[in-house]
Amino acid sequence: QVQLVESGGGLVQDGGSLRLSCAATGRTFSNYAMGWFRQAPGKEREFVAAVNRSGFNTNYADVVKGRFTISRDNAKNTVYLQMNSLKFEDTAVYYCAARFRGLPTATMNEYDYWGQGTQVTVSS
């Protein structure tokens, strides 16, 4: 009963920045922890970042820690992923996900709803 739509992807040069957005509709946004995952061609989908219901607790994959920041605006039903110092290795389709629990886990199968994905391409 929750729909998620990602936006903000595109082509960026090595070292550049992008800000992804995920807009949620259908249910009360503040009831869900939110996460970002990504999948590169030929690879498994992997965890990137997550945030709890209130926005005060976050969780990051080691490979993006210090470069990416997840945040949310419950009044706008939107979660964001600010990506700085982008590398070629960050190239992937990025997916937004919602979990009907508060803990911002890193496990893909613990999330209940998924967006369609947005492409991020980093050129060297």
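The structure we're discussing is the one just above.
Residues numbered from 1 in each chain as written. Predicted model: local features only at pLDDT ≥ 70, side-chain atom pairs only at ≥ 80, totals over all residues. Heavy atoms only, no water.

Visitor: Help me get a handle on the side chain of arginine 72, residues and values and all.
Guide: Assignment of secondary structure puts arginine 72 in strand E7 (residues 68–73). We note that arginine 72 is buried and unpaired, the nearest opposite charge coming from aspartate 73 at a distance of 8.3 Å. Reaching out from arginine 72, the side chain makes a polar contact with the backbone oxygen of tyrosine 32 at a distance of 2.9 Å. Polar contacts involving the side chain of arginine 72 include one to the main-chain carbonyl oxygen of asparagine 52, which spans 2.7 Å. (Helix = DSSP H or I, 4+ residues; strand = E, 2+ residues; numbered from the N terminus. Buried < 20%, exposed > 50% of the residue type's maximum accessible area, 1.4 Å probe, protein only. Lys, Arg positive; Asp, Glu negative; His and termini not counted. Salt bridge = Lys/Arg side-chain N within 4 Å of Asp/Glu carboxyl O. Polar contact = N/O pair within 3.5 Å; in protein donor to acceptor, adjacent residues only side chain to side chain.)

Visitor: Go over the packing of aromatic side chains, please, and point to the residues and values.
Guide: Any pair of aromatic rings gets described here by the distance separating the centres and the angle formed by the planes. What the rule picks out here adds up to six aromatic pairs. On the basis of an interplanar angle of 75° and a centroid distance of 6.1 Å, the ring pair of tyrosine 32 and tyrosine 113 is categorised as edge-to-face. With a gap of 81 residues between them, tyrosine 32 in the loop between strand E3 (18–25) and strand E4 (33–39) and tyrosine 113 in strand E10 (residues 113–114) connect regions that are remote in the sequence. Taking relative accessible area as the criterion, tyrosine 32 reaches 5% and is therefore assigned buried. Counting every residue linked through ring pairs, the aromatic cluster contains Phe37, Phe47, Tyr111 and Trp114. Over the ring of tyrosine 95 we find arginine 45; its NZ or CZ atom is 3.8 Å from the centre of that ring. For arginine 45, the ring lying beneath its charged end belongs to tryptophan 114, and the centroid distance is 5.2 Å. (Phe/Tyr/Trp six-rings, centres within 6.5 Å; stacked < 30°, edge-to-face > 60°. Lys NZ or Arg CZ within 6 Å of the ring centre and 35° of its normal.)

Visitor: Outline the sheet that holds strand E8 (residues 78–83), supporting the account with residue identities and numerical values.
Guide: The strand order E1-E3-E8-E7 describes an open sheet built from four strands, whose pairing is antiparallel. Each edge of the open sheet is held by one strand with a lone partner, namely strand E1 (3–7) and E7. Averaged over all neighbouring strand pairs, the angle between strand axes comes to 15°, with direction disregarded. Relative to E8, E3 runs antiparallel, the two being bridged by six bridges. Looking across to E8, one finds that arginine 19 is bridged to glutamine 82. (Pairing = 2+ DSSP bridges. Axes fitted to C-alpha atoms, helices over the stretch in contact; angles between N-to-C directions.)

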